[in-house]
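# Residue-level structural notes
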Amino acid sequence: MENIKLIATTNFGLEAVTKRELLDLGYENIKTMDGKIEIEATLSDIPKLNLRLRTAERILLLIDKFEATTFEELFDKVYEINWPDYIAEEDNFIIQGRSRNSKLFSISDSQRITEKAIIEKLKTKYKTSWFEKSGPRVKIEVALLNDIAEITIDTSGDGLHKRGYREVNYKAPLSETIAASLIKLSYWNKNRTLADPFCGSGTIPIEAAMIGKNIAPGLMRKFDFEKFKFLDESIFKEEKKICYSEIKYDEKLDIIASDISHKAIEIARNNSEILGLDEDISFFQKDIRELDLPDNYGVLITNPPYGERIGKEDVDELNKELGNLAKTLKTWSFYVITANEKFEKNFGKKSDRNRKLYNGRIKSYYYQYYGPKPKK
Ligand SMILES: C[S@@+](CC[C@H](N)C(=O)[O-])C[C@H]1O[C@@H](n2cnc3c(N)ncnc32)[C@H](O)[C@@H]1O
């Protein structure tokens, strides 16, 4: 298992951001598709990518890819894979399935056939007819697209947005991977002020502080690959050590997180404390109408309430307020993610760039207003 293929799955519309992250990490042989990126890799890249990628959702190990139009074909091809290389006798292997535009459209049948083929193959090595599945989880997926079956193992386990710091959420939190993507799509860097006046659980400010201090996003959590029989524990430990050594503990950041809700600020501050970042972010309770920020080439990245998830309060009014703030902060750049179709009208200005993306299942837009470049 020297050369392997990994698949980084991404949020739809954000593939290019993950691609940029991979290029920055030095990966060259990568292929971008809808919602995923295929990467030529080696086993040691499994811990590396899981620990470091901020914008990907999962890292899958591609086991095989083949055409399958009948269940016999699916069974035979899955059986050909040497499953005892991947699955220990006690492992709790779980088969998940997907199918789109394929003759094998029944997901449950494809799952069942795949599991049967895996069990038959495992029996040849483990000499048992009953697998208790009492050990560590190994999630296997059979994904059919245009009659091509892709068999993968999910090395992440829980989605990578689960960083481990957001113990409590306030109302409608943004996914951590999306928050990191929004920051990566902006011109913010650690020398500029960042503000989120609708910070809720604090996702955007916390992700920014992690980027500013170079804290790998996966350091606080567990991954399924940690228990895989084919992955040496020492590779993970070594990679973790490197990540810790790269943290810039002394980096001074100027990150502002405010919200009208006292409860939200309490939750956001507690979440940041879990990472030891509470001193890097200045949290305070404030209505956006009363917010006073210095005109210092800062970058505002925010996710205002947009009705669908919060309830119809004064969404239009708040977007107008945001537009008023932009008028007073002439040197700032504004970045706003919202599902509100009337946003630009209420903000009072057409954006320099607008990107469509999905926040969960909600079609959203990322409106970008570029301020002047900071003076050197
Ligand atoms: C969509 S949520 C933000 C979610 C956040 N990005 C997160 O990850 O948790 C919108 C937030 O706007 C806050 N909000 C509503 N009206 C406000 C106002 N007038 N001024 C400031 N914040 C307000 C709400 O309390 C809520 O936390």
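Rules used throughout
- Residues numbered from 1 in each chain as written.
- Predicted model: local features only at pLDDT ≥ 70, side-chain atom pairs only at ≥ 80, totals over all residues.
- Heavy atoms only, no water.
- Helix = DSSP H or I, 4+ residues; strand = E, 2+ residues; numbered from the N terminus.
- Buried < 20%, exposed > 50% of the residue type's maximum accessible area, 1.4 Å probe, protein only.
- Phe/Tyr/Trp six-rings, centres within 6.5 Å; stacked < 30°, edge-to-face > 60°.
- Lys NZ or Arg CZ within 6 Å of the ring centre and 35° of its normal.
- Pairing = 2+ DSSP bridges.
- Axes fitted to C-alpha atoms, helices over the stretch in contact; angles between N-to-C directions.
- Contact = heavy atoms within 4.5 Å.
- Near = heavy atom within 4 Å.
- Polar contact = N/O pair within 3.5 Å; in protein donor to acceptor, adjacent residues only side chain to side chain.
- Areas by Shrake-Rupley, 256 points an atom, 1.4 Å probe, with all protein chains shown as cover.

## Some details on the environment of A172
The topology assignment puts A172 in the loop between β7 (148-154) and α5 (176-184). In this structure A172 comes out as partly exposed when scored by relative accessible area, which is 22%. A172 sits 29 residues away from S201 along the chain, and the two C-alpha atoms are 8.6 Å apart.

## Concerning the packing of aromatic side chains
One pass over the full model with this rule turns up 17 aromatic pairs. The interplanar angle of 75° and the centroid separation of 6.3 Å between the aromatic rings of Y126 and F131 together place this pair among those described as edge-to-face. Judged by relative accessible area, F131 falls into the buried class, the value being 7%. Both rings, one in Y187 and one in Y370, keep their centres 5.5 Å apart while their planes meet at 70°; by these two values the pair is edge-to-face. Of the two residues, Y187 sits in the loop between α5 and β8 (194-196) while Y370 sits in the segment after β14 (362-369), which places them 183 residues apart along the sequence. Taking the relative accessible area as the measure of exposure, Y370 reaches 34% and is therefore partly exposed. Through successive ring pairs, a cluster of aromatic residues spans F334, F343, F347, Y365, Y367 and Y369. Taking NZ or CZ as reference, K121 lies 4.5 Å from the ring centre of Y79, over its face.

## Some remarks on the sheet that holds strand β5 (residues 92-100)
Taken together, seven strands build an open sheet; the order of strands is β2-β3-β1-β4-β7-β6-β5 and the sheet is mixed. In this open sheet, the two edge strands, each paired with only one partner strand, are β2 (30-33) and β5. Recorded for the sheet is a direction-independent mean angle of 30° between the axes of neighbouring strands. When strand β6 (residues 137-145) meets β7, the two strands line up antiparallel, connected through seven bridges. Across the sheet, L144 pairs through a bridge with A149, a residue of β7. The strands touched by helix α3 (residues 71-80) within the sheet are β4 (56-67), β6 and β7, with β4 carrying the most contacts at an inclination of about 110°.

## A closer look at the site of the ligand
Inspection of the region around the ligand gives 21 residues, with L174, S201, T203, D259 and I288 positioned closest. Here an oxygen atom of the ligand and a backbone polar atom of L174 are 2.9 Å apart. Between a nitrogen atom of the ligand and a side-chain N or O atom of D287, the distance comes to 3.1 Å. Considered on its own, the ligand offers 600 Å² of accessible surface; in the complex 97% of this is hidden by protein.

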